[in-house]
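Now for the letters of each chain:
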Amino acid sequence: MRKRTLFRLATATVATGAAALAYASLVERNMFTLRRFDVPVLPAGTEPLRVLHLSDLHMTPNQVRKQHWVASLAALDPDLVVVTGDNMAHPEAVPGVLRALQPLLDYPGAFVFGSNDYTGPVWKNPFSYFLPDREYTEGVELPSEELRDVLIGAGWADLNNRRGTVKAGGRAIDMAGVDDPHVERDDYTAVAGPVSASADLSIALTHSPEPALLDEMAADGFALLLAGHTHGGQVCVPGVGALVTNCGLPRSMAKGLHRWPGSDAWLHVSAGLGTHPTAPVRFACRPEASLLTLIPR
């Protein structure tokens, strides 16, 4: 009887695990979701401004459903589109990324890159994400300059270790960004300094939300900090949340809108729209884009 009970328990456990894996790989990772947040960062008496935040597409050529869904977001008529990196996951991904973004290129936009805009994914042991000092391994070179040229050609601001003023929704926005801190491509000193007093709003971008960098951005007075990279944890435990963030950010901030500690800044971390191609699963963490409605304080 005891052996039979143990066998039944083992069988049930395996069946449950298989069902969860099937759901995570075949269902939830394709359940693209739009999140909406109100962010109180504008001066009193001003009209709201709508920012569409996209991140971590990790596009491969055959992901047509994702491409169509992202393209459909143009119907939201945003004032500004912001992309915080990791657009590609394949050497031939640029056409797919552009099919997704093409309708959005008619709007003012800004972007920074992530590591997976420069080099492709390689297989990783999923448990290695629990190791804080794991070695970063580069994959095949990706056509980052081709993608960059198209985005700049459409009038979007390249904020990889750059700063500038972007006009959107009738407002002048002081914007700064860095290249991916996760692989030490960032150089905040190149863009650091107090936000412009003449700007109507200030926004800073980074792919990986590293706390030391966010502290510097907030100290310079940037009102809204936008990042991706974490995938929201990608595989979460219901009632617990993310198990890892793959950066220095606390697990409680793995996705969503948060007040950045010790400052007046708001941080929005996108859980992103894709997955690492060698781990194409999401559980209790749907792929997402976010519409941030900036409102008066």
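Everything quoted here is computed from the prediction, not taken from an experiment.

J.: So what's going on with a nonpolar patch on the surface? Residues and values would help.
T.: On the surface, Val 237, Val 240 and Leu 243 cluster together to form a nonpolar patch covering roughly 230 Å² of accessible area. Along the chain, Val 240 falls in the loop between strand E10 (236-237) and strand E11 (241-242).

J.: Tell me what's going on with the pattern of salt bridges, and back it up with residues and numbers.
T.: One side chain can pair with another of opposite charge once the charged atoms of both are near each other. Scanning the entire structure with this criterion turns up 7 salt bridges. Its salt-bridge partner being Glu 145, residue Arg 148 comes within 3.1 Å of it at the nearest N-O pair. Separated by 3 residues within a single helix, Arg 148 and Glu 145 lie in helix H4 (residues 144-153), roughly one turn from each other. Across the pair Asp 174 and Arg 163 runs a salt bridge whose closest N-O atoms are separated by 2.9 Å. Note that Asp 174 is positioned in strand E7 (residues 171-177) and Arg 163 in strand E6 (residues 162-168), a separation of 11 residues in sequence. What makes Arg 163 partly exposed here is its relative accessible area of 30%. Each of Glu 145, Arg 148, Asp 158 and Arg 162 takes part in salt bridges that share partners, so that together they form one network.

J.: For the side chain of His 276, give the residues involved together with the corresponding values.
T.: With respect to the element layout, His 276 can be found in the loop between strand E13 (266-269) and strand E14 (288-296). Only 2.7 Å separates the side chain of His 276 from the side chain of Thr 278, close enough to count as a polar contact.

J.: Describe the sheet that holds strand E8 (residues 201-205), and please don't skip the residues or the numbers.
T.: Within the open sheet, the 6 strands sit side by side as E6-E7-E8-E9-E13-E12. Their pairing is mixed. Taken across any chain shown, the strands that pair with only one partner, and hence form the sheet edges, are E6 and strand E12 (256-259). Pairwise comparison of adjacent strand axes, ignoring direction, gives a mean angle of 25 degrees for this sheet. Alignment of E12 against E13, held across 4 bridges, turns out to be antiparallel. Pairing of His 258 across the sheet is with Leu 267, part of E13.

J.: So what's going on with a negative patch on the surface? Which residues, and what values?
T.: There is a patch of like negative charges on the surface, built from Glu 184, Asp 186, Asp 187, Asp 215 and Glu 216. Here Glu 184 shows up in the loop between E7 and E8.

J.: Got a sec to walk through the nonpolar core? Specific residues and values, please.
T.: One finds Leu 54 and Leu 104 to be the most contacted residues of the largest nonpolar core, which totals 32 residues. Secondary-structure elements contributing two or more residues to this core are strand E2 (49-54), helix H2 (64-72), strand E3 (80-83), helix H3 (94-101), H4 and E14. The leading source of residues in this core is H3, at 5 residues. Those residues in contact with Leu 54 that lie beyond four places of it in its chain are Val 70, Leu 73, Val 81, Val 82, Val 83, Thr 84, Leu 101, Leu 104, Leu 273 and Ala 289. Listed in part, the 24 residues of the second largest apolar core include Leu 80, Leu 159, Ala 223 and Leu 294.

J.: Quick rundown of the side chain of Thr 60? Include the residues and the values.
T.: Relative to the assigned elements, Thr 60 resides in the loop between E2 and H2. Relative accessible area serves as the criterion here: at 13%, Thr 60 is assigned to the buried category. A distance of 3.0 Å separates polar atoms of two side chains, one belonging to Thr 60 and the other to Asn 62. Sequence-distant contacts of Thr 60, defined by excluding residues within four places in its chain, comprise Gln 67, Ala 89 and His 90.

J.: Quick one: what's the story with the sheet that holds strand E4 (residues 109-111), residue by residue and with numbers?
T.: Strands sit in the order E1-E14-E2-E3-E4-E5 across an open sheet of 6 strands; the sheet is mixed. Both outer strands of the open sheet, strand E1 (33-42) and strand E5 (157-158), are each paired with one neighbouring strand and no more. Here 4 bridges tie E2 to E3, and the two strands are oriented parallel to one another. Opposite His 53, over in E3, you have Val 82 as the bridge partner.

J.: Got a sec to walk through the pairing of E14? Specific residues and values, please.
T.: The buried count for E14 comes to 7 of 9 residues, which makes it a mostly enclosed element. Looking at chain direction, E1 and E14 are connected through 9 bridges and run parallel. Within E14, the position partnered with Thr 33 by the bridge is Glu 288. Sheet topology note: the E2/E14 ladder contains 5 bridges and is antiparallel. Paired with His 53 across the strands is Ser 290, a residue of E14.

J.: Tell me about H4, and please be specific about residues and values.
T.: Ser 144, Leu 147, Arg 148 and Leu 151 are the residues of H4 that are buried. Viewed along the axis of H4, the buried residues span an arc of 100 degrees, placing them on a single side of the element. Along H4, the residues that are exposed and aim more than 90 degrees away from the buried face are Asp 149 and Gly 153. Those residues of H4 hidden inside the fold are in contact with H3, E4 and E5. Directly after H4, the chain includes Gly 155, whose backbone phi takes a positive value near 95 degrees.

About the criteria used
Residues numbered from 1 in each chain as written. Predicted model: local features only at pLDDT ≥ 70, side-chain atom pairs only at ≥ 80, totals over all residues. Heavy atoms only, no water. Patch = residues over 30% accessible without salt bridge, like charges linked within 9 Å, V, L, I, M, F, W, Y side chains within 5 Å. Areas by Shrake-Rupley, 256 points an atom, 1.4 Å probe, with all protein chains shown as cover. Salt bridge = Lys/Arg side-chain N within 4 Å of Asp/Glu carboxyl O. Helix = DSSP H or I, 4+ residues; strand = E, 2+ residues; numbered from the N terminus. Buried < 20%, exposed > 50% of the residue type's maximum accessible area, 1.4 Å probe, protein only. Polar contact = N/O pair within 3.5 Å; in protein donor to acceptor, adjacent residues only side chain to side chain. Pairing = 2+ DSSP bridges. Axes fitted to C-alpha atoms, helices over the stretch in contact; angles between N-to-C directions. Lys, Arg positive; Asp, Glu negative; His and termini not counted. Charge placed at Lys NZ, Arg CZ, Asp CG, Glu CD. Core = buried A, V, L, I, M, F, W, Y, C linked by side-chain atoms within 4.5 Å. Contact = heavy atoms within 4.5 Å. Arc of directions from axis to C-beta.

By themselves these figures say nothing about function.
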